[in-house]
Amino acid sequence: MISELINDARKIVIKFGSNTLADKNGRINRDYLGEFAKQTQALLNKGKQVVIVSSGAMIAGVGTMDKWARKQDIHYKQALSAVGQVELMEAWRKSFQPLDIHIAQLLLTKDDFSDSIRTLHIRNTLFTLVDEGIVPIINENDSVCVDEIKIGDNDNLAALSAILWSADLVILFSDIDGLYDKNPKEFPDAAHIAEVRNLDEVKASVNLGKANAFGTGGIATKLEAAQRVVSYGIPLIITNGANPRAVDELSKDAQKGTAFLPQ
Ligand code: GLU
């Protein structure tokens, strides 16, 4: 099923969580990014278009300004993401450069998605970039948003971006293999769910456990993202991003994940 989704999709949004891209000290895993860039090139060569949603600005900021790591002040947090965003994009740029692929940065806020003029401009920018073979990389513009007005997690940012761009597929790379009927970190007998067609039914039957129990961004934001895109007819895959060859493995059904499918 997953291989079919990938092979059939032309416009793919791929989201990376901070833990997939960087270690806890904020060092970005450049080998990983380099490998992923090669897989993106393979997708582009097949006529597909890729938009990346990349977390990691905060964590990369900690790697650069380590003495700020414990500061709770909102202005320091925002300053940290402003510093880290540069580090993050530099790592992405260096990964794609040897392949002669340009990248572009879009920093978006919640407001951008509710303003029809801005939405239109973002859409046109995305269309122009991908038509020119450039890979757009989106993150939330953390330095202009405070908690109350933030999207807050990149699962939902990826979903909103996918809807805005009219994507065919969203892949959320995280540190879990997908959805289980209970938390696999607590229960060894947790059963993996390969396919979800009725999200409400699954939500009622799955024991989500503590908030964020299944992964970094938490399963809750991933299910929210799935609900958003599926209601627009866009399928979404949750899978483990740890394997640098994950895209390739998924397209051969050699890696598991959960596919959320429109009904
Ligand atoms: N925008 C945040 C960052 O780049 C990530 C949010 C998330 O992990 O979902 O650090």
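Residues numbered from 1 in each chain as written. Predicted model: local features only at pLDDT ≥ 70, side-chain atom pairs only at ≥ 80, totals over all residues. Heavy atoms only, no water.

Novice: How would you summarise the side chain of Asn 156 if you had to cite specific residues and measurements?
Specialist: Mapped onto the elements, Asn 156 comes out in helix α8 (residues 154-165). On the accessibility criterion, Asn 156 (2% relative accessible area) is buried. Within the structure, the side chain of Asn 156 is placed 2.8 Å from the side chain of Arg 228, a separation counted as a polar contact. Beyond its immediate sequence surroundings of up to four residues, Asn 156 is in contact with Ile 151, Thr 221, Glu 224, Ala 225 and Arg 228. (Helix = DSSP H or I, 4+ residues; strand = E, 2+ residues; numbered from the N terminus. Buried < 20%, exposed > 50% of the residue type's maximum accessible area, 1.4 Å probe, protein only. Polar contact = N/O pair within 3.5 Å; in protein donor to acceptor, adjacent residues only side chain to side chain. Contact = heavy atoms within 4.5 Å.)

Novice: Tell me about the site of the ligand, and name the residues and values.
Specialist: The environment of the ligand is made up of Ser 18, Ser 55, Gly 56, Ala 57, Met 58, Asn 139, Asp 142, Asp 153 and Asn 154. Separating an oxygen atom of the ligand from a backbone N or O atom of Ala 57 is a distance of 2.9 Å. With the chains in place, 83% of the 300 Å² that the ligand exposes on its own is no longer accessible. Of the residues contributing to the shell around the ligand, the split by class is 2 nonpolar, 5 polar and 2 charged. (Near = heavy atom within 4 Å. Areas by Shrake-Rupley, 256 points an atom, 1.4 Å probe, with all protein chains shown as cover. Nonpolar A, V, L, I, M, F, W, Y, C, P; charged D, E, K, R; others polar.)

Novice: Tell me about the pattern of salt bridges, residues and numbers included.
Specialist: Side chains that differ in sign of charge can pair as their charged atoms come close. Going through the model one piece at a time under the given rule, you end up with 13 salt bridges. Linking Asp 155 and Lys 222 is a salt bridge whose minimum nitrogen-to-oxygen distance equals 3.3 Å. Separated by 67 residues along the polypeptide, Asp 155 in helix α8 and Lys 222 in helix α10 (residues 219-230) bring together distant segments of the chain. The exposure class assigned to Asp 155 is buried, which follows from its relative accessible area of 1%. Here the salt bridges do not stand alone but share partners, grouping Glu 35, Arg 245, Asp 248 and Lys 252 into one network. (Salt bridge = Lys/Arg side-chain N within 4 Å of Asp/Glu carboxyl O.)

Novice: Can you tell me about unusual backbone geometry, naming the residues and giving the values?
Specialist: Unusually for a residue other than glycine, Ser 166 sits at a positive phi of about 55 degrees. Tracing the chain through its elements places Ser 166 in the loop between α8 and β5 (169-174). Positive phi, close to 55 degrees, is recorded for Asp 253, a residue that is not glycine. Along the chain, Asp 253 falls in the loop between α11 (246-250) and β10 (257-260). With relative accessibility at 43%, the residue Asp 253 sits in the partly exposed group.

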